Amino acid sequence: MPLHRPPVAVPAVLAAVALLAPAGPAVAAAPAASPAAAVSAESAASAVSGASAASEDDGFTLTDPRITESSGLAASRAHPGVYWTHNDQDEPRVFAVDGRTGETVATVTLRGVGKPRDMEAISVGPDGYVYVGDIGDNLDGSWSHVWIYRFREPERLRDTTVDATQYTVRYEDGPRDAEALMVHPRTGRAYIASKNEEGGGLYEGPATLSAKGVNVFRRVGEVPWVTDGAFSPDGTRLVLRGYFSARGYAWKDGRLGADERVRAPILGQSESVTYTVDGTALLFGTEGARSRVARVPVEGTGAAPSPDAPGGPSGTGGTGAAGTGGGQAQGDGAPGGSAYTVGLLALGAALLLGLRRLRGRGGKGGGGGAPGA
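None of these values were measured; they are calculated from a predicted model.

Analysis parameters
Residues numbered from 1 in each chain as written. Predicted model: local features only at pLDDT ≥ 70, side-chain atom pairs only at ≥ 80, totals over all residues. Heavy atoms only, no water. Core = buried A, V, L, I, M, F, W, Y, C linked by side-chain atoms within 4.5 Å. Buried < 20%, exposed > 50% of the residue type's maximum accessible area, 1.4 Å probe, protein only. Helix = DSSP H or I, 4+ residues; strand = E, 2+ residues; numbered from the N terminus. Salt bridge = Lys/Arg side-chain N within 4 Å of Asp/Glu carboxyl O.

Caption draft 1: Geometry of the nonpolar core. Core analysis: the largest hydrophobic core is formed by 19 residues, its most contacted members being Trp84, Leu110, Val132 and Phe151. Secondary-structure elements contributing two or more residues to this core are strand 3 (82-87), strand 4 (93-98), strand 5 (104-111), strand 6 (121-124), strand 7 (129-134) and strand 8 (146-152). Within the second largest apolar cluster, 17 residues are counted, among which are Ile148, Tyr171, Leu181 and Val183.

Caption draft 2: Representation of the pattern of salt bridges in the model. A full pass over the atoms with the stated rule returns 14 salt bridges. Of the charged contacts in the structure, one is a salt bridge between Arg219 and Asp173, with a shortest N-O distance of 3.6 Å. Within this pair, whereas Arg219 is found in strand 14 (residues 214-223), its partner Asp173 is found in the loop between strand 10 (165-171) and strand 11 (178-183), the two being separated by 46 residues in sequence. A relative accessible area of 39% places Asp173 in the partly exposed class. Between Asp259 and Arg247 there is a salt bridge, with the nearest N and O atoms lying 2.7 Å from each other. You can see Asp259 sitting in strand 18 (residues 255-262) and its partner Arg247 sitting in strand 17 (residues 246-252), a full twelve residues away along the chain. Looking at Asp259, the relative accessible area reads 9%, which means it is buried. Assessed through its relative accessible area of 4%, Arg247 is described here as buried. Each of Asp173, Arg176, Arg219 and Glu222 takes part in salt bridges that share partners, so that together they form one network.

Given below as structure tokens:
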């Protein structure tokens with residue numbers, strides 16, 4: 001996410017917290033709840049649980065000084081234990097990071113694409129390709145189209161320049177801001193979740209992206225304020241995260257199902273999420289120099305893949321860096337007494353931090369042209 005933002009009102013920040021509110025049995029998640037409903041006792045308990053999980057779980061720190069605005073995170077399929085990330089305002093390049101050490105093991109520069117505007121998301125498909133979403137639009141509708149870049153995962157991890165394909169994307173119902181691109185691990189279909197303080201939409205791309213024309217994404221579901229998302233490796237769950245929380249959705253036949261809150265750490269500016277390659281844990285990332293990536297196990301939560309699905313989790317530890325031990329995330333207990341008070345204080349501090357980051361930031365990062373626009 002760019003460092004410059006238009007001013008955001010308090011309700012906009014509270015809307016992000018609506019991800020914490022309990023959801024009914026609706027087929028798709030409803031738009032963000034009212035601010036009053038969002039700041040609930042359950043929200044406070046979740047804030048405390050998330051903070052505790054962040055302090056106990058394994059993870060890693062991005063040590064590369066070039067990575068200052070990590071906006072997306074995706075587990076490599078070709079190199080278990082390695083994670084792809086990128087800055088939002090940067091040249092067309094991505095970084096492969098060792099999840100054990102946090103060190104960059106390869107920098108991949110994309111050839112054949114234009115100057116990125118606002119790269120916000122990254123995902124790895126079942127076809128062996130990495131997809132980068134140049135889909136950010138801070139003025140919420142100023143770009144008539146956005147782009148997706150695709151390149152094959154390198155067989156060797158080293159600094160290299162690779163040929164990439166650029167796809168032009170338009171939304172069926174008009175331009176909008178977005179920060180989440182998810183490629184389904186079974187069908188290979190691309191989905192984008194738009195970002196709006198009053199609730200966004202889930203958009204489905206064509207069955208096959210085309211580099212020769214415009215790829216129209218159509219709205220197929222309603223989602224809260226989303227900063228990133230990830231499918232479970234077996235394709236049965238979709239996790240969407242916001243600034244302060246996350247929700248897990250059942251996924252069947254290309255549509256959202258029942259959802260529930262997912263434990264998530266509270267980070268400075270929560271930007272990214274991905275599953276470990278074996279599906280046993282989620283990794284949550286944030287922006288900033290030497291930013292932390294926190295690991296949260298998914299067993300027994302709404303983010304856990306279906307044990308009956310092909311390729312589901314085997315019950316063993318995580319793969320590579322994200323799976324080398326780590327404590328269990330604390331459960332979501334019912335709030336009461338001092339825990340409730342501490343929870344409210346933690347939630348209030350998080351709200352103020354988010355508001356101070358968002359308020360008063362104006363302008364927009366510059367963007368350049370690209371082939372196929």
